[in-house]
Amino acid sequence: MDFTGEIARFVENLNFSDIPVEVIERAKHCFLDFISVAAMAAEEKDSTPPIRKAIQTLAGGPGPGTVIAHKEGLPFQYAALFNGTLAHTLDFDDTNFRGSLHLGASVLPATLAMCEYRGGSGQDFLAAMVAGYEVACRIGEALGLTAYDRGFHPTAIAGVFGATVAGAKVLGFNSSKIESAIGLNI
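Residues numbered from 1 in each chain as written. Predicted model: local features only at pLDDT ≥ 70, side-chain atom pairs only at ≥ 80, totals over all residues. Heavy atoms only, no water.

As a further point, take the overall build of the chain. Counting its regular elements, the chain contains 9 helices and 0 strands. For the chain, the α and β elements follow one another from N to C terminus as α-α-α-α-α-α-α-α-α. Relative to a compact globule of 186 residues, whose C-alpha radius of gyration would be 16 Å, the chain shows 16 Å and is just as compact. Dimensions along the principal axes, computed over C-alpha positions, put the chain at roughly 50 × 40 × 35 Å. Long-range pairs, those at least 24 residues apart, make up 64% of the contacts in the chain with a sequence separation of at least 6. Accessible area for the chain stands at about 9,600 Å²; split by element, carbon and sulfur atoms hold 58% of it. (Helix = DSSP H or I, 4+ residues; strand = E, 2+ residues; numbered from the N terminus. Rg over C-alpha atoms; globule rule 2.2 N^0.38 Å. Contact = heavy atoms within 4.5 Å. Areas by Shrake-Rupley, 256 points an atom, 1.4 Å probe, with all protein chains shown as cover.)

Our next topic: the nonpolar core. Core analysis: the biggest nonpolar cluster contains 45 residues, and Leu74, Phe125, Met129, Tyr133 and Ile178 have the highest contact counts within it. Among the secondary structure elements, those contributing two or more residues to this core are α1 (3-13), α2 (21-42), α3 (48-59), α4 (76-89), α5 (103-118), α6 (122-143), α8 (154-171) and α9 (175-183). For Leu74, the residues in contact, after removing those within four places along its chain, are Arg52, Ile55, Gln56, Ala59, Gly61, Pro62, Gly63, Pro64, Gly65, Val67, Ala79 and Phe82. (Core = buried A, V, L, I, M, F, W, Y, C linked by side-chain atoms within 4.5 Å. Buried < 20%, exposed > 50% of the residue type's maximum accessible area, 1.4 Å probe, protein only.)

Following both chains from N to C, one finds α5 and α8 inclined at 20°, their axes separated by 8 Å at the closest point. When the axis of α5 is compared with that of α8, the two are roughly parallel. As for the relative orientation of α5 and α8, their crossing is right-handed in sense. From α5, Ser106, Val107, Ala110, Thr111, Met114, Cys115 and Arg118 reach across to α8, where they touch Thr155, Gly159, Gly162, Ala163, Ala166, Gly167, Val170 and Leu171. The class makeup of the residues in the contact of α5 with α8 is 8 nonpolar, 6 polar and 1 charged. (Axes fitted to C-alpha atoms, helices over the stretch in contact; angles between N-to-C directions. Parallel < 35°, antiparallel > 145°, perpendicular 65-115°, else oblique. Left-handed = near helix turned anticlockwise from the far one by under 90°. Nonpolar A, V, L, I, M, F, W, Y, C, P; charged D, E, K, R; others polar.)

This is the structure:
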């Protein structure tokens, strides 16, 4: 069975108008959760300043990407890195129990950065977010909790695929390009 192709076709064919209202409402709550825990972590005095300094050094200066609870942005890829770090700093971020995943920390920073980069709409953001969450949840559930026993953190494994398909969705990739993007993570 062609699982990667099936995922790619699902992502390409997912339209905002096809997503049930209750799923959109839940996605909005998850985004609010992401912003809230990241904003709380921005106040963390021990870890946040050195992490920001390290990421600013890597970035080489400010940029247009939003960094939650900070006035100065970063280049998009570094804003995503910092936002993901903030979202997982206090370990209060959203959790999918079947896959033991923190979806907001992995999927939403990439989705936000890509939508800002492309000038995506709120509907683009939510459709990409739903696609990313769906894919990451399915992969996380397939991994199961035994991933920990094998020395892996499911969020890092499944989350990268969720972030990838969310970004591909924002960019408007067709299923062939989405499949290639997924393949780059394998």
